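# Overview (structure and organization)
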Amino acid sequence: MKQFAVLLIIISTLTSCVSKKIEYQNVENINILSLDEQEITLSADAIFKNPNILGGKVIPEDLIVFIDDKEITTVKSKEFKVPAVKEFAIPLEVTIPFNKIPGNKNGGLLGAVLGSFNKTHKVTFKGQLNYKVAGFKSTYIINHTEDLKLGL
């Protein structure tokens, strides 16, 4: 009977610690991280707030980048450890070959600069992130679009 009472206390404590879901805020800071002759690397931050005293982990799944509504590539991001009771940013990174950018038929850096000079592209991050903590799982839908100049 004592073991059952202890188990019940542990379960109720754990469930009260994760009584609220983490809150998805937005995708921010879409920037050009680097570029070379063949490709451009973009970075962004998915902003969340965790009101719970337990952390957890976020796993990106099927998070895709679109440029001008054309599917370009999948975001590369590792499992991210969520801090307790804190706002946090999950770093997202994507490398895009210049020949995949719409309107850049020449390929390479020179073609991208000439084709993108004074032109903005609609960059969209779309997909989902999964949050796991103490056996619970929540899914967050990401769909953020921002205008960005992809040339120099």
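What you see is a predicted model, and the numbers here were worked out from it, not measured in a lab. (Residues numbered from 1 in each chain as written. Predicted model: local features only at pLDDT ≥ 70, side-chain atom pairs only at ≥ 80, totals over all residues. Heavy atoms only, no water.)

Judged by nonpolar contacts, the single largest core of 30 residues is most densely connected at Phe-48, Val-65, Ile-90, Ile-96, Phe-125 and Leu-129. Setting aside residues no more than four positions away along its own chain, Ile-96 makes contact with Gln-38, Glu-39, Ile-40, Leu-42, Val-65, Ile-67, Ile-72, Thr-73 and Ile-101. (Core = buried A, V, L, I, M, F, W, Y, C linked by side-chain atoms within 4.5 Å. Buried < 20%, exposed > 50% of the residue type's maximum accessible area, 1.4 Å probe, protein only. Contact = heavy atoms within 4.5 Å.)

A few words now on the packing of aromatic side chains. Per the stated rule, a full pass over the model turns up 4 aromatic pairs. Plain terms: the ring middles of Phe-80 and Phe-88 are 5.8 Å apart, the flat faces sit at 15° to each other, and that makes the pair stacked. By relative accessible area, which is 6% here, Phe-88 ends up buried. The structure contains a cluster of three or more aromatic residues connected by ring pairs, namely Tyr-24, Phe-48, Phe-80, Phe-88 and Tyr-140. (Phe/Tyr/Trp six-rings, centres within 6.5 Å; stacked < 30°, edge-to-face > 60°.)

Per the counting criterion, the structure on display carries 2 salt bridges. Linking Glu-79 and Lys-57 is a salt bridge whose minimum nitrogen-to-oxygen distance equals 3.8 Å. Here Glu-79, found in the loop between β4 (70-74) and β5 (80-82), pairs with Lys-57, found in strand β3 (residues 56-67); they are 22 residues apart in sequence, far enough to count as distant. For Lys-122, the salt bridge goes to Asp-69, with nearest N and O atoms at 2.9 Å. Highlighted residues: Lys-122 in strand β7 (residues 120-133) and Asp-69 in the loop between β3 and β4, separated in sequence by 53 residues. On the accessibility criterion, Asp-69 (56% relative accessible area) is exposed. (Salt bridge = Lys/Arg side-chain N within 4 Å of Asp/Glu carboxyl O. Helix = DSSP H or I, 4+ residues; strand = E, 2+ residues; numbered from the N terminus.)

Structural measurements only, silent on function.
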